[in-house]
Amino acid sequence: AGSLPAAAQPPASPDGAFAHAQAEARAGHWQQALGNFRAVWNLAPTGLHTAELGRAELHVGLARDAAEHLQLALQRLPTSEVETRTWAQDSLAQAKKHIVSLDVRASEPGAVILLDGKAIGSSPLAGEVFVDEGSHRLDARLDGYWCEPVAVHEPIGSSLEVALKLARGPAPASQKRALSKAELR
């Protein structure tokens, strides 16, 4: 009861699902390929699966997501995977034309980096931070330190180095404010 026809059954293994996603991509059905690559990536986030997910995201106009996944793929792919690394690097360069790339560095290791009030990792970050066009705010938190937030508003396709300087001690009176609920999460 309610069983799918045999042709519509999803592949039973990550390898089968990956082959199905690649076939969709070769046929130019990028939206379907994206769904399939995402499902494969959720099961087995290898370097190749991450790269293919990023490529599909780029083809459907999700440049920021594509850049994040392609950067992660390049961190995971072995250097021996020359062909895959080459097209992943080319795809990452294409994605960067549609977003803003930030090289965020905090002056203290272990500081929690916040983008628009949400934690995105601890310093040092593993790679660039990608944002869509618009105004963004970067900040850092570390016990015993305070940081002057940095506002960013750069045009699409730009890259910017952002230095978050943490100072030891309590924040000056002009910097003290209550943390929002989003920052406390």
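Fair warning: this is a prediction, and the values are worked out from it, not measured in the lab.

Draft legend 1. Summary view of the packing of aromatic side chains. Summed over all chains, the structure comprises 1 aromatic pair. The positively charged end of arginine 55 is found above the aromatic ring belonging to tryptophan 87, 3.7 Å away from the centroid.

Draft legend 2. Region of interest: the sheet that holds strand β1 (residues 100–106). If you trace the 3 strands from one edge of the open sheet to the other, you get β4-β1-β8, paired in mixed fashion. Only two strands of the sheet have a single partner each, and these edge strands are β4 (129–131) and β8 (159–164). Here the average twist between neighbouring strands, direction ignored, is 30 degrees. As paired elements, β1 and β8 share 6 bridges and run parallel to each other.

Draft legend 3. Region of interest: unusual backbone geometry. Cis geometry is found at the peptide bond from serine 123 to proline 124, where omega equals 0 degrees. Residue placement: proline 124 occurs in the loop between β3 (118–122) and β4. Phi is positive for aspartate 116, close to 55 degrees, though the residue is something other than glycine. Secondary-structure assignment places aspartate 116 in the loop between β2 (112–115) and β3. Of the residues examined, aspartate 116 reaches a relative accessible area of 43% and is grouped as partly exposed.

Draft legend 4. The arrangement of the nonpolar core in detail. Within the largest apolar cluster, 16 residues are counted, with the highest numbers of intra-cluster contacts made by Leu102, Val104, Leu138, Ala140, Val162 and Leu164. Of all the secondary structure elements, the ones that give two or more residues to this core are β1, β2, β4, β5 (136–141), β6 (145–147) and β8. Tallying contributions element by element places β1 first for this core, with 3 residues. Setting aside its immediate chain neighbours within four residues, leucine 138 contacts Leu102, Val104, Ile113, Leu114, Leu115, Pro149, Val150, Val152, Val162 and Leu164. Counting 15 residues, the second-largest nonpolar core is a separate cluster that includes Ala67, Leu74, Trp87 and Leu92.

Draft legend 5. How the structure looks around the sheet that holds strand β7 (residues 150–152). Taken together, 4 strands build an open sheet; the order of strands is β3-β2-β5-β7 and the sheet is antiparallel. Here the strands that pair on one side only, and so sit at the sheet edges, are β3 and β7. Put simply, the sheet's adjacent strands are angled 25 degrees from each other on average, direction ignored.

Draft legend 6. Structural detail: the packing of helix α3 (residues 47–59) against helix α5 (residues 82–96). Where α3 meets α5, the closest approach of the two axes is 10 Å, and the angle between their N-to-C directions is 35 degrees. Note that α3 runs across α5; the crossing there is left-handed. Residues Leu48, Ala51, Glu52, Arg55 and Leu58 of α3 touch α5, and the partners they reach there are Thr84, Trp87, Ala88, Ser91, Gln94 and Ala95. By residue class, the composition of the contact of α3 with α5 is 6 nonpolar, 3 polar and 2 charged.

Draft legend 7. Quick peek at the environment of alanine 17. When you line up the elements, alanine 17 lands in helix α1 (residues 14–26). For the pair alanine 17 and phenylalanine 37, spaced 20 residues apart in sequence, the C-alpha separation works out to 7.8 Å.

Draft legend 8. Spatial organisation of the confidence of the model for the protein. Looking at the protein, the pLDDT average stands at 89 and 86% of residues meet or exceed 70. Per-residue pLDDT stays below 50 along residues 1–9; that stretch engages in 3 contacts with residues further than four places along the chain or on separate chains.

Conventions used here
- Residues numbered from 1 in each chain as written.
- Predicted model: local features only at pLDDT ≥ 70, side-chain atom pairs only at ≥ 80, totals over all residues.
- Heavy atoms only, no water.
- Phe/Tyr/Trp six-rings, centres within 6.5 Å; stacked < 30°, edge-to-face > 60°.
- Lys NZ or Arg CZ within 6 Å of the ring centre and 35° of its normal.
- Pairing = 2+ DSSP bridges.
- Helix = DSSP H or I, 4+ residues; strand = E, 2+ residues; numbered from the N terminus.
- Axes fitted to C-alpha atoms, helices over the stretch in contact; angles between N-to-C directions.
- Buried < 20%, exposed > 50% of the residue type's maximum accessible area, 1.4 Å probe, protein only.
- Core = buried A, V, L, I, M, F, W, Y, C linked by side-chain atoms within 4.5 Å.
- Contact = heavy atoms within 4.5 Å.
- Left-handed = near helix turned anticlockwise from the far one by under 90°.
- Nonpolar A, V, L, I, M, F, W, Y, C, P; charged D, E, K, R; others polar.
- pLDDT = per-residue confidence, 0-100.

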